[in-house]
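# Structure assessment
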Amino acid sequence: MRIVALLILVLPAVLATYGIKLMRDAFFGELTTIFLHIVVQFIIGLVLFIGGLYFIGGFILHRDRKRQLIKGGKNNRYSN
């Protein structure tokens, strides 16, 4: 079961890393063969990067809320 959870977290990280690579290549003018234009390559890379970052951030936020590690809310020692 932990292997499946690890794969679920690794896949978005790999996609985000590939998105960074696509954006870097577009910035330096290296076109990947599957894309027709450098701007399209940059936009796809940006979408992959933001999507991977969003998924991993959402997972961490969900886990912390489940363990009640988030600051704020009704049962918080910092609220009045």
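Okay, so let's go over this structure. (Residues numbered from 1 in each chain as written. Predicted model: local features only at pLDDT ≥ 70, side-chain atom pairs only at ≥ 80, totals over all residues. Heavy atoms only, no water.)

### Side note on helix α2 (residues 38–66)
Two residues of an α-helix separated by three or four positions point the same way, owing to the 3.6 residues in each turn. The line we're drawing: Note on conventions: DSSP H or I runs of at least 4 residues are helices, E runs of at least 2 residues are strands, and numbering of each starts at the N terminus. Expected span of a helix: the number of residues minus one, times 1.5 Å. Exposure classes here rest on a 1.4 Å probe applied to the protein chains alone. A residue is buried below 20% of its type maximum, exposed above 50%, and partly exposed in between. Note on definitions: a residue-residue contact is assigned when non-hydrogen atoms from the two residues lie within 4.5 Å.
The end-to-end C-alpha distance of α2, which contains 29 residues, comes to 42 Å, matching closely the 42 Å that a straight helix rising 1.5 Å per residue would cover. Of all the positions in α2, only Gln 41, Gly 45, Gly 52 and Asp 64 are classed as buried. Check the buried side of α2 and you find it contacts α1 (2–27). Looking one or two residues past α2, Gln 68 carries a phi angle of roughly 60°, positive in sign.

### Focus: the packing of aromatic side chains
Spelled out, the test is: Two rings belonging to Phe, Tyr or Trp (six-membered ring only in the last case) form a pair when the distance between their centres is within 6.5 Å. Interplanar angles under 30 degrees mark stacking, angles over 60 mark edge-to-face geometry, and anything in between is tilted.
If you walk through the whole model with that rule in mind, you get one aromatic pair. Pairing Phe 27 with Phe 28 gives two aromatic rings, centres 5.3 Å apart and planes at 75°, and the pair type is edge-to-face. The exposure classification of Phe 27 matches that of Phe 28, with both residues exposed.

### Here we look at the side chain of Asp 64
Relative to the assigned elements, Asp 64 resides in helix α2. Dropping the residues within four chain positions of it, Asp 64 is found in contact with Leu 69 and Ile 70.

### Some points on a nonpolar patch on the surface
Here is the rule we go by: Patch rule: a residue counts if its relative accessible area is over 30% and it has no salt bridge; like charges are joined within 9 Å, and nonpolar side chains (Val, Leu, Ile, Met, Phe, Trp, Tyr) within 5 Å. Computed with the Shrake-Rupley method and a 1.4 Å probe, the accessible areas treat only the protein chains shown as cover for residues. For this analysis, a salt bridge means a side-chain nitrogen from Lys or Arg found within 4 Å of a carboxyl oxygen belonging to Asp or Glu.
On the surface, a nonpolar cluster with roughly 510 Å² of combined accessible area is contributed by Val 39, Phe 42, Ile 43, Leu 46, Val 47 and Ile 50. On the secondary structure map, Val 47 appears in helix α2.

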